[in-house]
Amino acid sequence: MSNLAYGVQYATRDSADSIEEWLSEHCAGDWDLRLADIDEKNSRKKFAVYFERETDKAAFKAAFTPDKR
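These numbers were taken from a predicted model, which means no experiment stands behind them.

Draft legend 1. Geometry of helix α2 (residues 54–63). Buried residues of α2: Asp 56, Lys 57 and Phe 60, and no others. Buried residues of α2, viewed axially, fall in a sector of 100°; they line one side. Opposite the packed face of α2, turned more than 90 degrees from it, sit the exposed residues Glu 54 and Thr 55. At its buried positions, α2 is contacted by β1 (6–12), α1 (16–26) and β3 (44–51).

Spelled out as structure tokens, the structure:
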């Protein structure tokens, strides 16, 4: 099992499937996506995303900043 040493939280209304698709296509190392919280009232979800490589974490953060989504 990989060492997933780099993590970030991400809040969104996007589906887990769309985030997993991006991770599969753009990450060179292993990753894990976990649902951390959900606000059922407005369908906002908070995900915890863990990465094996710091470069994958940086790419995710660059792609999923609010002004780019």
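Draft legend 2. Spotlight on the pattern of salt bridges. Throughout the structure, instances matching the rule amount to one salt bridge. Between Arg 34 and Asp 32 there is a salt bridge whose closest N-O contact spans 2.5 Å. Among the residues examined, Arg 34 registers a relative accessible area of 44% and is labelled partly exposed. By relative accessible area, Asp 32 is classed as partly exposed at 22%.

Draft legend 3. Molecular detail of α1. Within α1, burial applies to Ile 19, Trp 22 and Leu 23. On an axial view of α1, the arc spanned by its buried residues comes to 100°, and they lie on one face. Opposite the buried face of α1, at more than 90 degrees from it, the exposed residues are Asp 17, Ser 24 and Glu 25. Buried-residue contacts for α1 involve β1, β2 (31–39), β3 and α2.

Draft legend 4. View of the pairing of β3. In this structure, β1 lies alongside β3, joined through seven bridges in antiparallel fashion. Counterpart to Tyr 6 in the pairing with β3 is Phe 51. With eight bridges joining them, β2 and β3 adopt antiparallel strand pairing. Across the sheet, residue Leu 33 finds its bridge partner in β3, namely Val 49. The hairpin formed by β2 and β3 contains four residues between the paired strands, and Ser 43 there has a positive phi angle of roughly 60°.

Thresholds applied
Residues numbered from 1 in each chain as written. Predicted model: local features only at pLDDT ≥ 70, side-chain atom pairs only at ≥ 80, totals over all residues. Heavy atoms only, no water. Buried < 20%, exposed > 50% of the residue type's maximum accessible area, 1.4 Å probe, protein only. Helix = DSSP H or I, 4+ residues; strand = E, 2+ residues; numbered from the N terminus. Arc of directions from axis to C-beta. Contact = heavy atoms within 4.5 Å. Salt bridge = Lys/Arg side-chain N within 4 Å of Asp/Glu carboxyl O. Pairing = 2+ DSSP bridges.

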